[in-house]
Structure formats: C-alpha cells, structure tokens
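Structure at a glance
Listed below, chain by chain, are the residues.
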Amino acid sequence: MAKQFTLYSHPVGPNGWKVAQVLCELGLEYETVFKEFGDGENGMKTPEYEKINPNGRIPALVDHSNNDLIIWESGAIILYLVKKYDTEHKLYPASLEDQALVDTWFFFQMTGFGPYTGQAIWFKVLTGNKDVEAADRYVAEVHRMCKVLNDQLEKEAGWLVLGKCTIADLSFLQWVRFLYRLGIELEKEYPFVNKWKEAMLARPGVKASTVGEVWAPGPTE
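This section reports on the structure supplied with the text.

What counts, and at which threshold
- The numbers attached to residues start from 1 for each chain and follow its sequence in the written order.
- Two thresholds apply to this predicted model, a pLDDT of at least 70 for residue-level local features and 80 or more for giving and counting side-chain atom pairs, whereas whole-chain, interface and lining totals are computed over all residues.
- Note: side-chain values were computed over all heavy atoms of the structure, leaving out hydrogens and water.
- Counting from the N terminus, the helices are DSSP H or I runs at least four residues long and the strands are E runs at least two residues long.
- In this treatment the radius of gyration is a C-alpha quantity, and the globule benchmark scales as 2.2 Å times the residue count to the 0.38 power.
- Accessibility here uses a 1.4 Å probe with only protein chains present; expressed as a share of the type maximum, an area under 20% marks a residue as buried, one over 50% as exposed, and anything in between as partly exposed.
- Any Phe, Tyr or Trp ring, taking Trp's six-membered ring, that has another such ring centre within 6.5 Å forms a pair; planes under 30 degrees apart are called stacked, those over 60 apart edge-to-face, and the others tilted.
- Residue contacts follow a heavy-atom distance rule, with two residues in contact if any of their heavy atoms lie within 4.5 Å.
- DSSP calls a pair of strands paired once it identifies at least 2 bridges connecting them.
- Only the stretch in contact is used when a helix axis is fitted, and all axes are lines through C-alpha atoms; the angle between N-to-C directions ranges over 0 to 180 degrees.
- By arc we mean the arc of the directions from the helix axis to the C-beta atoms, nothing more.
- Residue count minus one, scaled by 1.5 Å, sets the expected span of a helix.

1. Some remarks on the overall build of the chain
Counting secondary structure elements, the chain contains nine helices and four strands. The order of α-helices and β-strands along the chain, N terminus first, is β-α-β-α-β-β-α-α-α-α-α-α-α. The C-alpha atoms of the chain give 17 Å as radius of gyration, which agrees with the globular expectation for 221 residues (17 Å, within 12%). For the chain, the spread of C-alpha atoms along the three principal axes comes to 45 × 45 × 25 Å. When each of the 221 residues of the chain is scored for burial, the buried share is 48%.

As structure tokens, then:
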C-alpha cells in the first residue's frame, strides 16, 4: 500500500531527519527517498529533483493525500504537518499564545542554531580549518547558543517550552547530535542539553525515525 507521504532527504543532513521525527511522532506513514549532493544521477541539483524543490536542497515533502502537495524547507514542512495533522496538539499547542512560545524556540533553531552549527562544521571540519578566523567565530557562536539552550533546559525542567516535547525540541535534536563533529562534549560542557538529548532519543517516535541514518566522522585536527 502506498504511503501517505514521500520525504526527500539525505542520509547525513540533519534537516531531513527533523521532518522524519515529526512524521513518526504523529504516527504518519511515509517513504523516504534519499538524495545525494551535486548534479549526479541521484543528485539534488538535477532538473528532475528541482521540479520538486527549485532550491535543489533537502528536505522536501509530498503529501499524496492532499493532491500531491509539495512543501520544501524543513520549517515550512513541520509547520504544515502539525497544523494539518496534529489534531490532538501533541507537538504544537492550540492557543496562539502557546504557539508563539513554541515558535520562538523553533525559529531560533531555524535562523540561528542550525545555520551557525552548519557553518562551524564547514569551516572547522569539512574545509580542514583553513580559515581559522571564520571557524573560531562560528564555533564560538555555537558554544554561546549551547549555553542558551542549557540555561533554558535547566530553568524549564528538561524541555524547551511548555513543559513537554514540542516541535521546538524536535527541531534542535538532530543538530545537537551533530555537535560531536566540533569536539563538543555535551556531558561535560552542557549537562542539561545532554540529559535532554538522551530523553529525546528514548522517545519511540524518534527511535522509529532513524532508519537509514549515517553518521559522519568526528573532528579532524
């Protein structure tokens, strides 16, 4: 039987896994199509895939139950899923005020934590730390934002907001899991983030989403 959704993702890239986690947490059926970087046969930069996502990136989602609606950008996808399918408000609250609280942290991840972590990994790891000034700047920003997370999780008794797991928590998880690539030791440096990460990884929905995950090597000196 055909799945309700097709998710275009990548085995390593964090943003596709954020969407998979939300799909699994909501009990929605989906099939994942893993794409590769570049313009090769299975690449994201091909005319075929750019008909799905003109930006040539992952993730993208097709909702076959809604006239094959295509959504791309992980934040847009996640908001679509919870607004349409989270009728019990498991991950996204009902009131406008509570939504604003969740959105605050959700967009902090989208505009701050994710992009800065990605740039830190690019300059520190993937390009061999050739631009030391850029690498140091981005790594310092990641540490600053980790402290923001750590302080919030300590204050809010283990969750980012509203005392429960929301899309805010799910948006951060995969990027937090990537911090090992920068040599960041969560247990020592940010213990409340580490405790939260372990609680998130124990969730059945998160566990169910991990099929096909690939983890890249750690930092290079």
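2. Concerning the packing of aromatic side chains
Evaluation of the coordinates by the stated rule reveals twelve aromatic pairs. Relative to phenylalanine 172, the ring of phenylalanine 108 has its centre 5.9 Å away and its plane inclined at 55°; by these criteria the two rings are tilted. Taken together, the positions of phenylalanine 108 in helix 4 (residues 96-126) and phenylalanine 172 in helix 6 (residues 167-177) put the pair 64 residues apart, joining distant regions of the chain. Taking the centre distance of 5.7 Å and the plane angle of 5° together, the rings of phenylalanine 123 and tyrosine 138 count as stacked. You can see phenylalanine 123 sitting in helix 4 and its partner tyrosine 138 sitting in helix 5 (residues 132-155), a full 15 residues away along the chain. Accessibility assignment for this pair places phenylalanine 123 and tyrosine 138 in one class, buried. Linked through ring pairs, Trp105, Phe108, Phe113 and Phe172 together constitute an aromatic cluster.

3. Thoughts on the side chain of threonine 46
With respect to the secondary-structure elements, threonine 46 resides in the loop between strand 2 (30-34) and helix 2 (47-50). With relative accessibility at 9%, the residue threonine 46 sits in the buried group. What threonine 46 contacts, discounting residues up to four positions off in sequence, is Asp39 and Gly40.

4. Describing the sheet that holds strand 4 (residues 69-72)
Taken in spatial order, the four strands make up an open sheet running 2-1-3-4, and their pairing is mixed. Lying at the two open borders of the sheet, with one neighbouring strand each, are strand 2 and strand 4. Adjacent strand axes in the sheet meet at a mean angle of 20° when their direction is disregarded. Packed onto the sheet, helix 3 (residues 74-85) meets strand 1 (5-9), strand 3 (60-63) and strand 4 and runs at close to 130° relative to strand 4.

5. Digging into the environment of tyrosine 180
Assignment of secondary structure puts tyrosine 180 in the loop between helix 6 and helix 7 (186-189). Measuring from C-alpha to C-alpha, the distance between tyrosine 180 and isoleucine 121 comes to 10.0 Å, with 59 residues separating the pair along the chain.

6. Some points on helix 8 (residues 191-201)
Of all the positions in helix 8, only Val193, Asn194, Trp196, Lys197 and Met200 are classed as buried. The buried residues of helix 8 occupy an angular sector of 165° when the element is viewed end-on, so they sit on one face. At its buried positions, helix 8 is contacted by helix 5, helix 6, helix 7 and helix 9 (204-208).

7. Focus: the pairing of strand 4
Here strand 3 pairs with strand 4 via four bridges, running antiparallel. In the sheet register, alanine 60 faces strand 4, and the bridge partner there is tryptophan 72. Where strand 3 folds back onto strand 4 in an antiparallel hairpin, the turn is made up of five residues, including asparagine 67, whose phi is positive at roughly 55°.

8. Overview of helix 1 (residues 14-25)
A rise of 1.5 Å per residue sets the reference length of helix 1, with its twelve residues, at 16 Å; its end C-alpha atoms lie 17 Å apart and thus fit the reference within 8%. Counting buried positions along helix 1 yields eleven of twelve residues, so the element is predominantly enclosed. Here helix 1 has its buried residues at Pro14, Gly16, Trp17, Lys18, Val19, Ala20, Gln21, Val22, Leu23, Cys24 and Glu25. Once helix 1 ends, the next one or two residues include glycine 27, with phi positive near 70°.

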